[in-house]
Amino acid sequence: MNFLQGVGVSKVLMLLGLVIVVDFVSGVVAAKLSPDDEIKSKKWNDGLIRKGNMIFAAFSCFLFDLIFGFNLIEFIPFKDSLTNLGLNHFGLAETISLGFIVGEVISIFENWKKADIKIPNFILKFVEKMNQLLFNKGDVE
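As the structure is a prediction and not an experimental result, all values here were calculated from the model.

Trainee: What exactly am I supposed to notice about the packing of helix α2 (residues 11-33) against helix α3 (residues 41-68) here?
Mentor: For any two helices packed against each other, the geometry is given by the interaxial angle and the distance between the axes. Two elements in contact, α2 and α3, have axes separated by 11 Å at closest approach and are oriented at 180°. Of the possible angle classes, the one that applies to α2 and α3 is roughly antiparallel. Contacts from Leu 13, Leu 16, Ile 20, Asp 23, Phe 24 and Val 28 of α2 reach α3 at Trp 44, Leu 48, Arg 50, Lys 51, Met 54, Ile 55, Ala 58 and Phe 62. Residue composition of the contact of α2 with α3, grouped by class: 11 nonpolar, no polar and three charged.

Trainee: Any chance you could explain α2 here in plain terms?
Mentor: For the α-helix, the turn length of 3.6 residues means that residues three or four positions removed from each other point alike. With 23 residues, α2 ought to run about 33 Å at 1.5 Å a step, and its terminal C-alpha atoms sit 32 Å apart, in line with that. All buried positions along α2 are accounted for by Val 12, Leu 13, Met 14, Leu 16, Val 19, Ile 20, Asp 23, Ser 26, Ala 30 and Ala 31.

Trainee: Looking at this structure, how should I read unusual backbone geometry?
Mentor: Phi is positive for Asp 116, close to 60°, though the residue is something other than glycine. Look at Asp 116 and you get exposed, because its relative accessible area is 56%.

Trainee: I'm lost on the layout of surface pockets in this one. Help?
Mentor: Think of a ball as big as a water molecule: rolled over the atoms, this probe shows where empty space is left. Estimated volume of the second largest pocket: approximately 230 Å³. In terms of lining residues, the second largest pocket is bounded by 11 residues, among which Val 9, Leu 13, Met 14, Ile 55 and Ala 58 are the most central. Elements with a contribution of two residues or more to the lining of the second largest pocket: α2 and α3. In terms of residues, the lining of the second largest pocket owes the most to one element, α2, which gives five residues. Grouping the constituent residues of the lining of the second largest pocket by class yields 10 nonpolar, one polar and no charged.

Trainee: Would you take a moment to explain the packing of α2 against helix α5 (residues 92-114) for this structure?
Mentor: The geometry of α2 relative to α5 is characterised by a closest axis approach of 9 Å and an angle of 20° between their N-to-C directions. On the basis of their axis angle, the class for α2 and α5 is roughly parallel. Where α2 crosses over α5, the two elements pack in a sense that is left-handed. Of the residues in the contact of α2 with α5, the class split is 15 nonpolar, five polar and four charged.

Trainee: For this particular structure, what's the right way to read a nonpolar patch on the surface?
Mentor: A grouping of Phe 59, Leu 63, Phe 64, Leu 66, Ile 67, Phe 68, Phe 70 and Leu 92 is seen on the molecular surface, where their side chains present a nonpolar patch of about 780 Å² in accessible area. At six residues, the largest contribution of residues to the nonpolar patch is made by α3. Within the secondary structure, Phe 68 is located in helix α3.

Trainee: Sorry, what's going on with the side chain of Lys 51 here?
Mentor: If you trace the backbone, Lys 51 turns up in helix α3. A polar contact of 2.3 Å, which involves the side chain of Lys 51, links it to the side chain of Asp 23. When residues no more than four places from it in sequence are discounted, the contact partners of Lys 51 are Ile 20, Asp 23, Phe 24 and Glu 104.

The rules behind these values
- Residues numbered from 1 in each chain as written.
- Predicted model: local features only at pLDDT ≥ 70, side-chain atom pairs only at ≥ 80, totals over all residues.
- Heavy atoms only, no water.
- Axes fitted to C-alpha atoms, helices over the stretch in contact; angles between N-to-C directions.
- Helix = DSSP H or I, 4+ residues; strand = E, 2+ residues; numbered from the N terminus.
- Parallel < 35°, antiparallel > 145°, perpendicular 65-115°, else oblique.
- Contact = heavy atoms within 4.5 Å.
- Nonpolar A, V, L, I, M, F, W, Y, C, P; charged D, E, K, R; others polar.
- Expected span 1.5 Å × (residues − 1).
- Buried < 20%, exposed > 50% of the residue type's maximum accessible area, 1.4 Å probe, protein only.
- 1 Å grid on protein atoms, 1.4 Å probe; cavity = no way out; pocket = protein on both sides within 12 Å on 5 of 7 lines; lining within 4 Å.
- Points joined across faces, edges and corners; volume = space filled by probe spheres on them.
- Left-handed = near helix turned anticlockwise from the far one by under 90°.
- Patch = residues over 30% accessible without salt bridge, like charges linked within 9 Å, V, L, I, M, F, W, Y side chains within 5 Å.
- Areas by Shrake-Rupley, 256 points an atom, 1.4 Å probe, with all protein chains shown as cover.
- Salt bridge = Lys/Arg side-chain N within 4 Å of Asp/Glu carboxyl O.
- Polar contact = N/O pair within 3.5 Å; in protein donor to acceptor, adjacent residues only side chain to side chain.

Structural data, given as C-alpha cells:
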C-alpha cells in the first residue's frame, strides 16, 4: 500500500480495485450457487472486459490529473473531513471512481441475492433506492 500511495494512487482508487475484485468473485460464486445461472464464456469475457474498461478509465483519469494537476479538493465543502481521512487530492480519477464504486457495490449485493445470501432488509432497501436514483432501475435484480 505504501508503494501505491508513493506513486500517488489515492485510497479511492485502491477501494475501486478492491470492489472490482469482490464483485468479480461474488459473481462467480453467485453463478456457481444459483440454480438458474451458470458460468458462460461470453458472460465471463464481457465481465472481464467491463472491469478492464473501468480500470482503464480510472487510470486514464489518474494520468490526466497528474499531467494537468487537476484537483477538486478546494471546491469540496467538506474537504476537512476528506483530509482527515487522508485524501489530500480529489481529482477526476477519484470522481469517476466513486461512480464505478457505487455501481460495483450494487452489483455485489445483486450477486449475493442471486446466491441466496441473506442480506438485512435495510441494506436491500438502501441499495434499491441507490439503484433507482442512479440507474433508474427498481428492485435489486
